[in-house]
Amino acid sequence: MVSFHAHPDDECIGTGGVMRKAFEEGHRVVLVVATRGEHGEVPDGFLADGEQLWERRVTETLASAEILGVKRTEFLGYRDSGMMGTPTNDAPGSFWTAPVEEAAEKLAAILRAEQADVLLCYDDNGGYGHPDHIQVHRVGVRAAELAGTPRVYQNTMNRDHMMRGLSEWAERAAEAGVEMPDIDTSEENFGKPVEVITAAVDVTPYLEHKRAAMRAHASQISEQSFFLGMPEDSFRYAFGTEWFIRDGQGPGITETDLLAGL
């Protein structure tokens, strides 16, 4: 399984459960990250003197990867493009401006070398409209074509499932002093409706590892964050199932194991 992501910490939030599941079932797991997350936000004084954020985020990614059972971690070398509509989108070297064919060939080389059976990427809107996430979809789909990778799963959020929980989480977060994520939950920009999702994987047996991997990304995920500050039952609801779209499957959810038969 090759799990392809935009930035450090994306791997544990979206696919940490299926990665750890694959490892525990004896499969080789490889992590590929397009950027080093140069434009993440970090509290004042968090970094050591002279330390660059990207350096810390690479270290955090390697720690997270070890928790999730990853045997090889690669960075494609592009620069974080920042949020959609910001000047950093078009900066030289940004992933958003990278030619899809060029980036896809870099990823395809890894897929070929690993003889990958499964590639994980994102849905066509990158889950929530981030330019680097959208580019992961484009590059991932093309790389699988170039390498002949047979199974491509597009990680997404189940919009209906998440929206059912948001109002309750907001109330509980306010009581507990937990930070809610600042995301656009409009229908056109947030996840996918359940009817287009084709795979749902129960990862509750691996939530301890998933949360530990999130904790490894301390520069981005604080103990007061939505991810680490929520009660166990809310965390299980939000992150206990990982959702995917696979072309040619459906309608409806037809798969509960991404590596079935391998």
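Above this text you will find the structure in question.
Rules used in this analysis
- Residues numbered from 1 in each chain as written.
- Predicted model: local features only at pLDDT ≥ 70, side-chain atom pairs only at ≥ 80, totals over all residues.
- Heavy atoms only, no water.
- Helix = DSSP H or I, 4+ residues; strand = E, 2+ residues; numbered from the N terminus.
- Expected span 1.5 Å × (residues − 1).
- Buried < 20%, exposed > 50% of the residue type's maximum accessible area, 1.4 Å probe, protein only.
- Phe/Tyr/Trp six-rings, centres within 6.5 Å; stacked < 30°, edge-to-face > 60°.
- Lys NZ or Arg CZ within 6 Å of the ring centre and 35° of its normal.

Summarise helix α3 (residues 100–114); cite the residues concerned and give the values.
Here α3 contains 15 residues, and its C-alpha end-to-end distance of 21 Å stays within 8% of the 21 Å for a straight helix at 1.5 Å per residue. Among all positions in α3, only A103, A104, L107, A108, I110, L111 and E114 are buried. A positive phi of about 50 degrees marks Q115, the residue just after α3.

Which residues make up the packing of aromatic side chains, and what values go with them?
In total, this model carries five aromatic pairs according to the counting rule given. With a centroid separation of 5.3 Å and an interplanar angle of 40 degrees, the aromatic rings of Y78 and F95 are classed as tilted. On the criterion of sequence distance, the pair formed by Y78 in strand β3 (residues 72–78) and F95 in the loop between β3 and α3 is long-range, its members being 17 residues apart. According to the relative accessible area criterion, F95 is buried, its value standing at 0%. An angle of 40 degrees between the planes, with centres 5.8 Å apart, marks the rings of F227 and F239 as tilted. A residue pair is termed long-range when its members are at least 10 positions apart, and F227 in helix α7 (residues 226–229) and F239 in helix α8 (residues 232–239) qualify at 12 residues. Take F239: its relative accessible area is 6%, and that puts it in the buried class. The ring of F235 is capped by R211, whose NZ or CZ atom sits 4.2 Å from the centre of that ring.

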